[in-house]
Amino acid sequence: MSDADDPRDLVLTRLIPAPRRALWRAWTEPELLKTWFAPAPYTTPIAELDVRPGGSNLIVMRSPEGQDLPNRGVYLEVVPDTRLVVTDAYSAAWIPSEKPFLTVILTFADEAGGTRYTARARHWTLEDRQAHEAMGFAQGWGICADQLTEVVKGLG
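Residues numbered from 1 in each chain as written. Predicted model: local features only at pLDDT ≥ 70, side-chain atom pairs only at ≥ 80, totals over all residues. Heavy atoms only, no water.

Entered under Sequence similarities (unreviewed entry) in the UniProt record, the comment concerning the protein runs "Belongs to the AHA1 family." (UniProt positions renumbered as here; feature names shortened; annotations may be inferred.)

Okay, here's the thing in structure tokens:
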């Protein structure tokens, strides 16, 4: 079985009419990430990103009712403008989280004058994948990809 065929994965892919560098910036610059990361009407008031292998992040999504949903993780792989891998298996440094849920593998590839953006959510178990799917993965990550597309259109 190849990585692309892992049954624990949920995948979103889009051809976005912007250069890879713009998408990279939107994922690695806190002020840009805050503008698109949570599916509206949710917001992202906090984005602390130490984008380097072993660096941690804290991204907080806020519901319309004001409930904060903190997401902590650690970057595993950082290849500028090409690949970004982050997991919630660690909360900071190499401190294990209480319940690992997923590893996100982002790839950015030149295609047709734009960027083939692929966001792969690799879950620890099939049950976690099914739970994420039931939470609305396709709709939520799709909304975020639409918001990301709008943000990167204005970036070089």
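A. A look at the nonpolar core. Counting 36 residues, the largest nonpolar core has W27, Y117, L148 and V152 as the members making the most contacts within it. Here Y117 is in contact with L12, T13, R14, I16, L23, W27, L106, T107, F108 and L148, once residues within four sequence places are set aside. (Core = buried A, V, L, I, M, F, W, Y, C linked by side-chain atoms within 4.5 Å. Buried < 20%, exposed > 50% of the residue type's maximum accessible area, 1.4 Å probe, protein only. Contact = heavy atoms within 4.5 Å.)

B. View of the packing of aromatic side chains. Within this structure, the stated rule accounts for 7 aromatic pairs. For the pair W24 and F108, a centre-to-centre distance of 6.0 Å together with 80 degrees between the ring planes defines the contact as edge-to-face. Residue W24 is found in helix 1 (residues 20–28), and its partner F108 is found in strand 8 (residues 102–111); the two are separated by 84 residues along the sequence. W24 sits in the buried class, given a relative accessible area of 6%. With centroids separated by 4.7 Å and ring planes inclined at 40 degrees, the aromatic side chains of F137 and W141 adopt a geometry described as tilted. A residue pair is termed a helical-turn pair when its members lie 3 or 4 positions apart in one helix, as F137 and W141 do in helix 4 (residues 137–153) at 4 residues. Judged by its relative accessible area of 23%, W141 is partly exposed. Pairwise contacts between aromatic rings join W24, F108 and Y117 into one cluster. (Phe/Tyr/Trp six-rings, centres within 6.5 Å; stacked < 30°, edge-to-face > 60°. Helix = DSSP H or I, 4+ residues; strand = E, 2+ residues; numbered from the N terminus.)

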